[in-house]
Amino acid sequence: MTRRPYVAGNWKMNLDRASAVALARAVREHVGAQAPYDCALFAPAVYVAAVAEVLAGSPVKVGVQNVHDMASGAYTGEISVAMAKDVGAASALVGHSERRALFGEADAFLAKKAKAVLDGGLELVFCVGETLAEREAGRTEAVVETQLRLGLGALPRTDWTRVAIAYEPVWAIGTGRNATPAQAGEVHTFLRALVGKMVDAATAEALRIQYGGSVSAANAAELLAVPGIDGALVGGASLKIESLRAILDAARR
Ligand code: PGA
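Remember, predicted model here, so these are calculated numbers, not experimental data.

Engineer: Which residues make up the site of the ligand, and what are the values?
Structural biologist: Lining the immediate surroundings of the ligand are 13 residues, of which Lys12, His96, Glu168, Gly174 and Ser214 lie closest. Asn10 is positioned with one of its side-chain polar atoms (N or O) 3.4 Å from an oxygen atom of the ligand. For the ligand, an oxygen atom lies 2.6 Å from a polar atom in the side chain of His96. Relative to its free-state accessible area of 280 Å², the ligand is covered by the protein chains to the extent of 95%.

Engineer: Please give an account of the pattern of salt bridges that cites residues and values.
Structural biologist: Under the definition given, this model contains 16 salt bridges. In this structure, Asp38 engages Arg208 in a salt bridge whose closest nitrogen and oxygen atoms are separated by 3.0 Å. Pair noted here: Asp38 is in strand S2 (residues 38–43) and Arg208 is in strand S7 (residues 208–212), with a separation of 170 residues, a long-range link. Since its relative accessible area comes to 24%, Asp38 is described here as partly exposed. Asp107 is the partner of Arg100 in a salt bridge, and the nearest nitrogen-oxygen pair spans 3.1 Å. Its relative accessible area of 16% is what places Arg100 among the buried residues. According to the relative accessible area criterion, Asp107 is partly exposed, its value standing at 22%. A network of salt bridges, in which partner residues are shared, links Arg3, Arg192, Glu205 and Asp230.

Engineer: So what about empty space enclosed by the protein? Which residues, and what values?
Structural biologist: Here the structure, examined in full by the defined rule, presents 2 cavities of 30 Å³ or more. Approximately 40 Å³ is the volume attributed to the largest cavity. Across the lining of the largest cavity, the residue classes tally to 6 nonpolar, no polar and 2 charged. What the second largest cavity holds in volume is close to 30 Å³.

Engineer: Outline the sheet that holds strand S8 (residues 231–234), supporting the account with residue identities and numerical values.
Structural biologist: As summarised here, the arrangement of the 8 strands in space is S1-S2-S3-S4-S5-S6-S7-S8, forming a closed barrel in which the pairing is parallel. Across this sheet, the average inter-strand angle for adjacent strands is 25°, counted without regard to direction. In the sheet, strand S3 (residues 61–64) pairs with strand S4 (residues 91–94) via 2 bridges, with the strands oriented parallel. Note that in S4 the partner of Val64 across the bridge is Ala92. Together, S4, strand S5 (123–128) and strand S6 (163–167) form the strand contacts of helix H5 (residues 107–119), whose direction differs from that of S5 by roughly 160°. Set on the sheet, helix H7 (residues 140–152) makes contact with S5 and S6; between it and S5 the angle comes to about 150°.

Engineer: Residue-level account of unusual backbone geometry, with values.
Structural biologist: A positive phi angle is found at Lys12, which is not glycine, with a value near 50°. By secondary structure assignment, the location of Lys12 is in the loop between strand S1 (6–10) and helix H1 (17–31). At Leu15, a position not held by glycine, the phi torsion is positive, near 75°. Mapped onto the secondary structure, Leu15 falls in the loop between S1 and H1.

Engineer: Residue-level account of the packing of H7 against helix H8 (residues 181–198), with values.
Structural biologist: Helix packing geometry: the angle between the two helix axes and the distance between the axes. Contact geometry of H7 with H8 gives a least axis separation of 11 Å together with a crossing angle of 40°. Here H8 runs oblique to H7, going by the angle between their axes. Like other packed secondary-structure pairs, H7 and H8 cross with a definite hand, here right-handed. Of the residues in H8, those touching H7 at Thr140, Glu141, Val144, Glu145, Leu148, Arg149 and Leu152 are Val187, Phe190, Leu191, Leu194, Val195 and Met198.

Engineer: Run through the layout of surface pockets, naming residues and quoting values.
Structural biologist: Space inside the largest pocket adds up to approximately 540 Å³. Taken together, 21 residues form the lining of the largest pocket, with Lys12, Met13, Gln65, Asn66 and Arg99 sitting closest to its centre. With 3 residues, helix H4 (residues 97–102) is the largest single contributor of residues to the lining of the largest pocket. In the lining of the largest pocket, the residues fall into 11 nonpolar, 6 polar and 4 charged. In this structure, the second largest pocket spans a volume of roughly 210 Å³.

Rules of the game
Residues numbered from 1 in each chain as written. Predicted model: local features only at pLDDT ≥ 70, side-chain atom pairs only at ≥ 80, totals over all residues. Heavy atoms only, no water. Near = heavy atom within 4 Å. Polar contact = N/O pair within 3.5 Å; in protein donor to acceptor, adjacent residues only side chain to side chain. Areas by Shrake-Rupley, 256 points an atom, 1.4 Å probe, with all protein chains shown as cover. Salt bridge = Lys/Arg side-chain N within 4 Å of Asp/Glu carboxyl O. Helix = DSSP H or I, 4+ residues; strand = E, 2+ residues; numbered from the N terminus. Buried < 20%, exposed > 50% of the residue type's maximum accessible area, 1.4 Å probe, protein only. 1 Å grid on protein atoms, 1.4 Å probe; cavity = no way out; pocket = protein on both sides within 12 Å on 5 of 7 lines; lining within 4 Å. Points joined across faces, edges and corners; volume = space filled by probe spheres on them. Nonpolar A, V, L, I, M, F, W, Y, C, P; charged D, E, K, R; others polar. Pairing = 2+ DSSP bridges. Axes fitted to C-alpha atoms, helices over the stretch in contact; angles between N-to-C directions. Contact = heavy atoms within 4.5 Å. Parallel < 35°, antiparallel > 145°, perpendicular 65-115°, else oblique. Left-handed = near helix turned anticlockwise from the far one by under 90°.

If you want it as structure tokens, here you go:
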């Protein structure tokens, strides 16, 4: 099976309204009416509506970087899946290492969020990845297995068609030190086999697994050339149209 490459930009807490709209417009122009890959832009929540407006009618989708698992109520500062959808989001990120580490989001909470995202009709990009200490201790596979099992272990099989996984080694995020294609490829192979055990072989075969962590114009082609690497979740390099264009072009394979 050939999986359709999936490149997503994670803008994190960057840009202002005008630059978010301009960047989305430039991405829309570059991708055109149809492309041999999927593309999504995870914008700051307050700019999702403006970005969605720019992307209307384009295959490029807009997503949110965070949602709460509850539908409504006394959760000051949070946004629900329905709210994200209401302003045009098609997808949500869950499990990003910055949410796990800086905001104390634990596996059980992430599982609830993932379920809420899918139950609410959005697509999901679920992030997993080990720290440098965990890699050096030889625990990479154990760590990502725990994250995946606790995060997505309870999903019904039919939900998996709207799931992508992002393998993002924490030591590679924002550091300029990407995992080598071989390092990333090994973990992608492990994750795909794991999904085969958790769900079934067909689901594992169809699942898109993105690599994230210092993906750049310079390294995207060699990372995306690895058969099990189905796309990229791009932080820093998604903030500049020149580098994002080069990464999108590397997904034309
Ligand atoms: P980076 O971020 O590309 O800047 O390393 C990736 C991410 O956090 O999704």
